[in-house]
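Structural description and commentary
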Amino acid sequence: MSDSDVLVQVRDLKVHFPIKRGVLFDRTVGHVKAVDGVDLSIPRGKTYGLVGESGCGKSTLGRALLQLTPPTAGEVSFDGVELTTLAPGKLRAMRKRMQMIFQDPMSSLDPRQNVESILTEGLQAHGIGGNREGRRKIISETLDKVGLPRWALSRYPHEFSGGQRQRIGIARALVLGPELIVADEPVSALDVSIQAQVVNLLDDLQDSLGLTYLVIAHDLAVVRHISDTVGVMYLGALVEEAPSDRLYTEPLHPYTRALMSAVPVPDPDVEDRRERILLAGDLPSPANPPAGCRFHTRCPWAQPTRCADERPALREIGGSRVACHFAEQIATGELRPHKVSAEIVRPEGEGEEPGVVSAPSEPGSFV
Amino acid sequence: MALLEVDDLSVTFARRNQRAVHAVDGVSFSVDAGEVVGLVGESGCGKSVTSLAIMGLLPKQPGLRVGGKAVFDGTDLLQLDDRSRRDIRGRDIAMIFQDPLSSLNPVIPIGLQVTEVLTRHRGMKGDAAAKEAAQLLDRVGIPDPKRRLKEYPHQLSGGMRQRALIAMAVACQPRLLIADEPTTALDVTIQAQILELLKDLVRDSGTALVMITHDLGVVAGMCDTINVLYGGRVVETARRRPLFREPRHPYTVGLLGSVPRLDAGRGEKLNPIPGSVRDLLPWADGCAFAPRCTRRVDACVGQPPELVLAHDGRSYRCVNPAPVPGLTPAEAAPVTVAGAADVPVADEPPAPAAGPVPAPREEEKP
């Protein structure tokens, strides 16, 4: 693939959040490694889907890509321009080329702004459209694209249904004429029938406007439906990346297999026939990830050698990129899954032993 | 005789100077002993209110009217006084809620919350109760249960909290378990664990389960009988396989067409249902789904559609149901929303469902 085809190139991106303790002096006692070394590239006009469970760092990756959360290390180049070192003014100008669609349309729209004001704000900030009339024209065209009626302009977000609110969110992203849209869980807050409307809308917009998407979602079926390439994240790193059809027919990483087998399919025949790979336990805390392969604590195929002490790098196996030492052996059936007993995982910030934290000893100690 | 027989249940919330809301508008279904029954529908279809009404958990407020019958093992739950209802709740009928964090008390250890049920209904105390509670936690797959008993809900992960909640629900071996979106707040891999656990519990103990969910995939893998709700009424009831193979009600057809499937290829268009749940016709004036329906005919509006009983315990509430493939040559049109377009429709021409997303219709100001 030549460089001109790649719109976004991410190299070894890291986002670490400090964990602070103390009242007067904020001591940094550790880091939550939300994103810990991700490489990916998104070709122009294609959709890259990012899946993973909550807490795997997929949203942080999306935000860091747009520089909404400053990355700790790594490079993000957008159409050849390096974003991480760009001056704030220039970055601001770049932002009109990359926009975001948020998960919850109600909380990402200002309840006191009407739709026209919501859509005009971005145009004004970037000086697009010249005068009021010019902006009106752009806004009306955008409304048509997302399938909202003209009378919507004078209305406020609470007057719309969930699906329509998400359309407003999409219109707000589209109005600046972006090339890249990062959609963070664009349909998960919506009902099934409305979900399909929005998914189709995103598809149609890509066809007509040639948009590039980074779609972040936990719903594997939705991601597979709209993506060309799918990346699977686990604890801040990509464990597998493959063309979406291939990922489904030939998942190579044990985590991808488990994830695939866990998604319920609305078809009783499929449901009865398939073999579930049940993962034991929960996602380990990203503040204290397991050494070696991050997945080895829950992996049914984990081996005593290498898995616990050597972190696997993404390597190419027949069109997919997989971070697993034993992917080939698992694919051929040479290695068989074994039973894993669940390990107790503390929710974030509760690193202490269970015996120690029984009750807050003084008021406010858990605040 | 069925274990639970819900007949014409209706719940109305009335407020002064405002239109009354018919959250549940004549829901009828039955649950046999040991059966897994699904209530499926989108938000606002009344599935949760149905379960709360059966359990008697709706907030007592002026303007709340509950009508109809919910007969559990010969007694009408809706007519019971609070005291006898409390005896049944937790012992014979138990409930699992959607969000485990908000349904567990944050300032009481898990152990105490589990033993509370045992003390109330089984008269167990002290060490015996603690031992039983530890066994329960062990049964739902919580590792190291003795230590977990002393912990608080915030110290457990989401999946473990849901397991604790399930342990509380099955503590008295209830004959009926109502699970209201038990896995919606959880990740897929954890969801698979919890569903597997529920399946095992139901199989081992013969408990009947009412599964309330919006996820058709969950229903496909678990339920024996499925009730599809729309606008506060059951629009279609069928056994699991027939429902997915040949859905008759256009809403069921639409729902199945809207779900992206993991085993479908990239680029296959979804067939969404046009409009939104707000475009609702009151049941008294016809079919509530008519404003969004692609198979609408004149007869849909005017009077509520009758429940049509078909063979094999199947029923649907529609005057122009989607045809069954291979039934008669004339009716052999494919059961998809797109296929519905070539069936003569007397009213307005149906929106082309396979085309671009239809614009949402004009909504009145709330």
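Each chain has its residues counted from 1, following the order in which its sequence is written. Labels follow written order: the first chain is A, the first ligand is 1, and so on. This being a predicted model, a pLDDT of at least 70 is required before a residue's local features are given, and a value of 80 or more before pairs of side-chain atoms are given or counted; all residues contribute to the totals for chains, interfaces and linings. Values reported for side chains reflect all heavy atoms of the structure, with hydrogen atoms and water molecules removed beforehand.

The name an unreviewed UniProt entry gives chain B is ABC transporter ATP-binding protein, with Micromonospora zingiberis as the organism. The Subcellular location (unreviewed entry) field of the UniProt record for chain B holds the comment "Cell membrane". UniProt positions are given in the numbering used here, feature names are shortened, and annotations may be inferred rather than shown by experiment. Of chain B, the UniProt comment under Sequence similarities (unreviewed entry) reads exactly: "Belongs to the ABC transporter superfamily."

If you check an unreviewed UniProt entry, chain A appears there as ATP-binding cassette domain-containing protein from Micromonospora zingiberis. In its Sequence similarities (unreviewed entry) section, the UniProt record describing chain A reads: "Belongs to the ABC transporter superfamily."

Comments concerning the environment of F295 of chain A
Residue and element names in this part refer to chain A. Along the polypeptide, F295 turns up in the loop between α10 (268–273) and β11 (315–317). Under the scheme applied here, a residue whose accessible area is under 20% of the maximum for its type counts as buried, over 50% as exposed, and between as partly exposed, the area being computed with a 1.4 Å probe on protein chains only. Judged by its relative accessible area of 1%, F295 is buried. In this structure the C-alpha to C-alpha distance between F295 and A308, which are 13 residues apart in sequence, comes to 9.2 Å. Contacts are assigned to residue pairs with any non-hydrogen atoms lying within 4.5 Å of each other. Here F295 is in contact with Y234, H253, P254, Y255, L279 and P300, once residues within four sequence places are set aside. A helix here means a DSSP run of H or I that spans at least four residues, while a strand means a run of E at least two residues long, and both kinds are numbered starting from the N terminus.

Quick word on the packing of helix α5 (residues 162–174) of chain A against helix α6 (residues 192–209) of chain A
Residue and element names in this part refer to chain A. Where α5 meets α6, the closest approach of the two axes is 10 Å, and the angle between their N-to-C directions is 20°. Compared by their axis directions, α5 and α6 come out roughly parallel. Crossing hand, α5 versus α6: right-handed. Of the residues in α6, those touching α5 at G163, Q166, R167, I170 and L174 are I194, Q197, V198, L201, L202, L205 and L209. Ten residues, namely Ala, Val, Leu, Ile, Met, Phe, Trp, Tyr, Cys and Pro, are considered nonpolar, four, namely Asp, Glu, Lys and Arg, are considered charged, and the remaining ones, Gly among them, are considered polar. Looking at the contact of α5 with α6, its residues break down into eight nonpolar, three polar and one charged. To get an axis, fit a line to the C-alpha atoms, keeping to the stretch in contact for a helix; angles then go from 0 to 180 degrees between the N-to-C directions. When describing relative orientation, an angle under 35 degrees is termed roughly parallel and one over 145 degrees roughly antiparallel, while 65 to 115 degrees is termed roughly perpendicular and anything else oblique. Each helix crossing is assigned a hand: it is left-handed if the near helix lies turned anticlockwise from the far helix by less than a right angle, otherwise right-handed if that turn is clockwise.

As for the sheet that holds strand β7 (residues 180–184) of chain A
Residues and elements named next belong to chain A. Pairing between strands requires that DSSP locate at least two bridges from one strand to the other. Here eight strands make up an open sheet; going across it, the order is β6-β7-β8-β3-β9-β10-β12-β11 and the pairing mixed. The outermost strands of the open sheet, each flanked by one partner alone, are β6 (98–101) and β11. This sheet shows a mean twist of 20° between the axes of neighbouring strands, independent of strand direction. Here five bridges tie strand β3 (residues 47–51) to strand β8 (residues 212–217), and the two strands are oriented parallel to one another. Bridge pairing in β8 places G49 opposite V215.

Notes on the interface of chain A and chain B
Contacts between chain A and chain B engage 69 residues on the former and 65 residues on the latter. When two components associate, each loses some accessible surface as probed by a 1.4 Å sphere; the sum of these losses over both components is called the buried area. For the pair chain A and chain B, the summed buried surface comes to about 5800 Å²; carbon and sulfur atoms form 54% of the total. If you sort the residues of chain A by the area they bury against chain B, V192, H225 and P266 of chain A come out on top, with a joint share of 11%. Criterion for a salt bridge: a side-chain nitrogen of Lys or Arg within 4 Å of a carboxyl oxygen of Asp or Glu. K269 of chain B serves as the salt-bridge partner of D204 of chain A, at 3.0 Å between the closest nitrogen and oxygen. Tallying contributions element by element places α6 of chain A first for the side of chain A that touches chain B, with 11 residues. Of the residues contributing to the side of chain A that touches chain B, the split by class is 32 nonpolar, 16 polar and 21 charged.

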